[in-house]
Amino acid sequence: MEMNVAAAFTQEDQLMRATEALKEQGVLSLQADAYQGQAEAQLTSQWPPDSGTEPAPAPASYVLNVYVEKSRYRQAEDTLLKYGGQLLQP
């Protein structure tokens, strides 16, 4: 089964390092999108919305969508976080 995980990055070098690491892990597909100016609303919303303990994500310049086998989903999440990505909620 295929799953999608997405993360926002504020720096291109972090995005590129994450992309290379994910390719080495054998992800099914990668798609990176760059944003000019303000990122979409979902990037600046607070998660979880009611906790009040997590800071809102910083405005992102890049979003990386990763498609992986279900068994590698957690590994992909960990890799995105390791390289400075902020996970986005579906």
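Just so you know, these numbers come straight off a predicted model, no measurement behind them.

Enquirer: I'd like to hear about the sheet that holds strand β3 (residues 62-69), residue by residue, with values.
Expert: Strand pairing within a sheet occurs via backbone hydrogen bonds; the two strands may be parallel or antiparallel. The 4 strands lie next to each other as β2-β3-β1-β4, forming an open sheet whose pairing is antiparallel. Edge positions in the open sheet fall to β2 (29-34) and β4 (86-88), since each of these has one partner strand only. Across the sheet, the axes of successive neighbouring strands diverge by a mean angle of 25°, strand direction being ignored. This element, helix α1 (residues 12-25), spans β1 (2-9), β2 and β3 of the sheet and lies at about 10° to β3. Here helix α3 (residues 73-82) sits on the sheet and contacts β1, β3 and β4; the angle it forms with β1, its principal contact strand, is near 5°.

Enquirer: Pulling in residues and values, what's your account of the pairing of β3?
Expert: Counted residue by residue, β3 has 6 buried out of 8 residues, so it is predominantly covered. The pairing of β1 with β3 spans 8 bridges and is antiparallel. Across the sheet, residue Glu 2 finds its bridge partner in β3, namely Glu 69. Relative to β3, β2 is paired through 6 bridges, and the arrangement is antiparallel. By the bridge assignment, Asp 33 is partnered in β3 with Val 63.

What counts and how
Counting starts from 1 at the beginning of each chain's written sequence and moves along it residue by residue. Residues qualify for local features only when their pLDDT is at least 70, as the model is predicted, and side-chain atom pairs are given and counted only at 80 or more; totals for whole chains, interfaces and linings, by contrast, use all residues. Side-chain descriptors were evaluated using all non-hydrogen atoms of the structure, hydrogens and water having been removed beforehand. Any two strands between which DSSP finds at least two bridges are classified as paired. A run of H or I in DSSP counts as a helix once it spans at least four residues, and a run of E counts as a strand once it spans at least two, with each numbered from the N terminus. Axes here mean lines fitted to C-alpha atoms, for a helix over just the part in contact, with angles spanning 0 to 180 degrees between N-to-C directions. What makes two residues a contact is simply this: any of their non-hydrogen atoms within 4.5 Å. Here the term buried applies to any residue with accessible area under 20% of the maximum for its type, exposed to any over 50%, and partly exposed to those in between, with areas from a 1.4 Å probe on protein chains only.

That is the geometry; function is a separate question.
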